[in-house]
Amino acid sequence: MILKKDKMEKRTKLLLVLLISVFVFLGYRIYNGAITQTVYKSDVEYVIGVSQANMREAWRVALINEIQEEAGKYPNIRIVTADATSNVEKQEKDVDRLLDFGIDLLIISPCDSSRLTKKVRDVYQEGVPVIVMDRSVEGFDYNLFIGPDNNLIGKQGGECAAQLLGNGKGKILELRATAGSLQSEERSEGFDSVIRDYPDIEKTVCDLKNDMKDPAYDAVYAMKEELKGVSLIFANNDSVAFGAYEALKDRNLAEKIKVIGCDGFTGENEGVDLVRKGKLAATISCPTGGKEAVQYAINILRKESGVPKQVILRSHTIYPQNAGEYLAALDRESIDDGRRITVGYSQVGQESQWRLANTRSIQEAAREFNMELLFDSADQSQKKQIEAIRRFIKEKVDVIVVSPVVEAGWDEVLKEAKEANIPVVMSDRRIEAGDDLTTTYIGADFLEEGRRAMRWLKEHVKPEQGVVRILELQGSEGATPTEERKKGFYEILEENPQYQIVYTDYGDFTYEGGKQVVEEYINSHTWDVDIIYSHNDDMALGAIKALEAHGLKPGKDITIVSVDATKEAFQAMIDGKLNCAVECSPLLGPSLMKAIRDMIAGKEMPLRIITEEKVYDQSDAETVIKTREY
């Protein structure tokens, strides 16, 4: 049952909330053998249900505590939480009970992402907003995903380890907590991706049964040969790191072997405290996102604009020398004083319908969010973009936003912006630059777009008569969408060897470019292509024109998949000439301007803010085009 917000049902919900509170004792109640924590509010406007995967792991306990603490700042919010005890069936029932309580919004950290996808989708499609935490479900049937980048956390751990070893030589023991868990695997992979660049660093691994302090203590204390020559221990979380430290101390080895942890919680004997006390050499923070979940929940419930689809949180390497500064930043209150903000925006160009829609969205959102926008179009020239950035620095704008032409070659001008104390945001495309030269990335997940294109092909074009031959239309050489859409597509392609790329060339994201590549192939080859994979719609439309000019039937003789999903692409699908379009929304303006206001107000920027994306084909094109904005 989902309760609506008219007056009668609002009273019913409040009655339910009051009935729930009767069972509350010291903030807890027993519920099917699991402890469910609640926070009582006398004047309830919104009830938020929280379904936690389990309350055994320290990270998850910290998540619930952070949600409760942040919700305490809002007198009109009531939090009701449930512990799934790592049981999928129980978590599904927990969600149903939370819905019966009349919750306005669900926050869920799934214990099994794949198996809980349907439950999350059902809640979302019935009209209850959903925020997914930590582990993303399949597809995009939710309002918002908030989580860390565990692979990056591992990389930061590797960089920290290499630095602490000094000369890039030594032996590392990795304590991998809860072997087989996705979090541990991703952190370990990230760590290895850095360490393998140091041939004089040797690494061994010890897998633990769980991620608690005592098993780590027992394992390390019992080690003999395994600790010989070890200079540093990298633990996948701080509880394991603390156990390792205590064991080393009891064996008089704490002065010889440094310990790095992960998670960076702030309580007594948690990661940051252990670093400040000198027990850990460092910890890599893994923010829970609880604070952000409550803040975004309020935005969603109030139907405010600018809420993104995914928020990937930023992690920090915490040493004794910066631990105090890190804690002070956590305690700093963010205040938006409503002042007008000056934004310098360097747009890559106006090369496509997608880009024109992107520009309109940014200009309209700037007015909505009280921004003065200094806009410059670079016409695909990095030189012009660098000149524009330097002009923005000279004019002392508050924030610089760049949609870069290419990934490389930005360090010098970005250092100039940093010296001028002007934050730089990447919009739509990412770059390769030194640490801390940009604040965040706002845009699409280009890797996933490529994966989705190939997944659709795998499902809809079967290799019935031998190898399926693919012609690839790439975008601009060196551009982030080009590199990542290619990489994502090839990831799935490599798992399916019956599909092969037989020709690939750059069409520069333009209609004429796509048309020219296909014409050149037709003129120099006997036509033998089954599929065209285009990195954007404009090139696909150009390819369609070239095919028709040579008597071929696009959409029938050749299956065509493109990325962007513009109105023109939908019309081509309705006409039967384009088979599938993977969405890459250009409407970034509201999310971008909201993020800028949050940043100026003092909030820490996430690592990445990702927009919503779907996959469309001829089956739904006629319905969707009626409401398409671009």
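Residues numbered from 1 in each chain as written. Predicted model: local features only at pLDDT ≥ 70, side-chain atom pairs only at ≥ 80, totals over all residues. Heavy atoms only, no water.

Trainee: Would you mind going over the overall build of the chain with me for this structure?
Mentor: When helices and strands are counted, the chain shows 21 helices and 26 strands. Its C-alpha atoms put the chain at 80 × 70 × 60 Å along the principal axes. A total of 630 residues make up the chain; the buried ones form 55% of that total. Within the chain, residue pairs in contact and separated by at least 24 positions form 74% of the contacts whose partners lie at least 6 positions apart. (Helix = DSSP H or I, 4+ residues; strand = E, 2+ residues; numbered from the N terminus. Buried < 20%, exposed > 50% of the residue type's maximum accessible area, 1.4 Å probe, protein only. Contact = heavy atoms within 4.5 Å.)

Trainee: It is not clear to me how the confidence of the model for the chain should be interpreted in this structure. Could you clarify?
Mentor: Detailed reading of the predicted model is not advised wherever pLDDT is low. Scored by pLDDT, the chain comes out at a mean of 89, with 93% of its residues at no less than 70. Looking over the chain, one finds the lowest element-wise mean pLDDT in strand β1 (residues 28-31), namely 37, and the highest in strand β22 (residues 531-534), namely 98. (pLDDT = per-residue confidence, 0-100.)

Trainee: Honestly, the pairing of strand β16 (residues 371-377) in this entry has me stumped. Any pointers?
Mentor: As paired strands, strand β15 (residues 341-347) and β16 are joined by 7 bridges and run parallel to one another. Residue pairing across strands places Gly-344 opposite Leu-374, the latter belonging to β16. Crossover connection from β15 via helix α12 (residues 353-368) to parallel β16: handedness right-handed. (Pairing = 2+ DSSP bridges. Right-handed = clockwise from strand over helix to strand, strands pointing away.)

Trainee: Teacher, can you tell me more about the environment of Tyr-296 here?
Mentor: Tracing the chain through its elements places Tyr-296 in helix α10 (residues 290-301). For Tyr-296, a relative accessible area of 10% corresponds to the buried category. Spatially, the C-alpha atoms of Tyr-296 and Gly-306 are 10.0 Å apart, while their sequence positions differ by 10 residues. Once residues lying within four places of it in the same chain are set aside, the contact partners of Tyr-296 are Ile-131, Leu-144, Ile-146, Val-307, Pro-308, Val-311 and Lys-594.

Trainee: What exactly am I supposed to notice about helix α8 (residues 238-250) here?
Mentor: Over its 13 residues, α8 extends 18 Å from the first C-alpha to the last, a length consistent with the 18 Å expected when each residue adds 1.5 Å. A large share of α8 lies buried, amounting to 10 of its 13 residues. Buried within α8 we find Asp-238, Val-240, Ala-241, Phe-242, Gly-243, Ala-244, Tyr-245, Glu-246, Ala-247 and Leu-248. On its buried face, α8 sits against β8 (170-176), α7 (213-222), β10 (230-235), β11 (258-263), α9 (271-276) and β12 (282-285). The N-cap of α8, judged by a side-chain oxygen 3.1 Å from the amide nitrogen of Ser-239 a few residues on, is Asn-237. (Expected span 1.5 Å × (residues − 1). Polar contact = N/O pair within 3.5 Å; in protein donor to acceptor, adjacent residues only side chain to side chain.)

Trainee: Explain the nonpolar core to me, please; I cannot follow it from the model alone.
Mentor: It is characteristic of soluble globular proteins that their nonpolar side chains tend to be buried jointly. In this structure, Ile-48, Leu-105, Ile-107, Ile-131, Ile-146 and Ile-172 are the most contacted members of the largest nonpolar core, which totals 43 residues. By residue number, the principal contributor to this core is α10, which donates 7 residues. Once residues within four sequence positions are removed from consideration, Ile-107 is found in contact with Ile-48, Gly-49, Val-50, Ser-51, Ile-67, Ile-131, Met-133 and Ala-293. (Core = buried A, V, L, I, M, F, W, Y, C linked by side-chain atoms within 4.5 Å.)

Trainee: Which parts of the structure should I look at to understand the sheet that holds strand β23 (residues 559-564)?
Mentor: Strands in a sheet are paired, the pairing made by backbone hydrogen bonds, and the direction either parallel or antiparallel. Here 6 strands make up an open sheet; going across it, the order is β21-β20-β22-β23-β24-β26 and the pairing mixed. A single partner strand is all that each edge strand has here, and the edge strands are β21 (499-506) and β26 (615-617). The sheet shows a mean angle of 20 degrees between the axes of neighbouring strands, direction not considered. Pairing of strand β20 (residues 468-474) with β22, which is carried by 4 bridges, proceeds in the parallel orientation. The residue bridging Glu-472 from the neighbouring strand is Tyr-533, located in β22. Relative to the sheet, helix α16 (residues 480-494) contacts β20, β21, β22 and β23, its axis offset from that of β21 by approximately 170 degrees. Lying over the sheet, helix α18 (residues 537-549) contacts β20, β22, β23 and β24 (580-583), oriented at roughly 155 degrees with respect to β23. (Axes fitted to C-alpha atoms, helices over the stretch in contact; angles between N-to-C directions.)

Trainee: Sorry, what's going on with the packing of helix α15 (residues 446-460) against α16 here?
Mentor: To characterise two packed helices, one gives the angle between the axes of the helices and the distance between these axes. Here α15 crosses α16 at 40 degrees, and the two axes come no closer than 6 Å. Classified by the angle between their axes, α15 and α16 sit oblique to one another. Between α15 and α16 lies a crossing of right-handed hand. Contact with α15, carried on its side by Phe-446, Leu-447, Glu-449, Gly-450, Arg-451, Ala-453, Met-454, Arg-455 and Leu-457, involves Thr-480, Pro-481, Glu-484, Arg-485, Lys-487, Gly-488, Phe-489, Glu-491, Ile-492 and Leu-493 of α16 and no other residues of that element. Grouping the constituent residues of the contact of α15 with α16 by class yields 9 nonpolar, 3 polar and 7 charged. (Parallel < 35°, antiparallel > 145°, perpendicular 65-115°, else oblique. Left-handed = near helix turned anticlockwise from the far one by under 90°. Nonpolar A, V, L, I, M, F, W, Y, C, P; charged D, E, K, R; others polar.)

Trainee: Just to check I follow, could you spell out the side chain of Arg-597 for this structure?
Mentor: Within the element layout of this structure, Arg-597 appears in helix α20 (residues 589-601). By relative accessible area, Arg-597 is classed as buried at 8%. A polar side-chain atom of Arg-597 sits 3.0 Å from a polar atom in the side chain of Asp-336.

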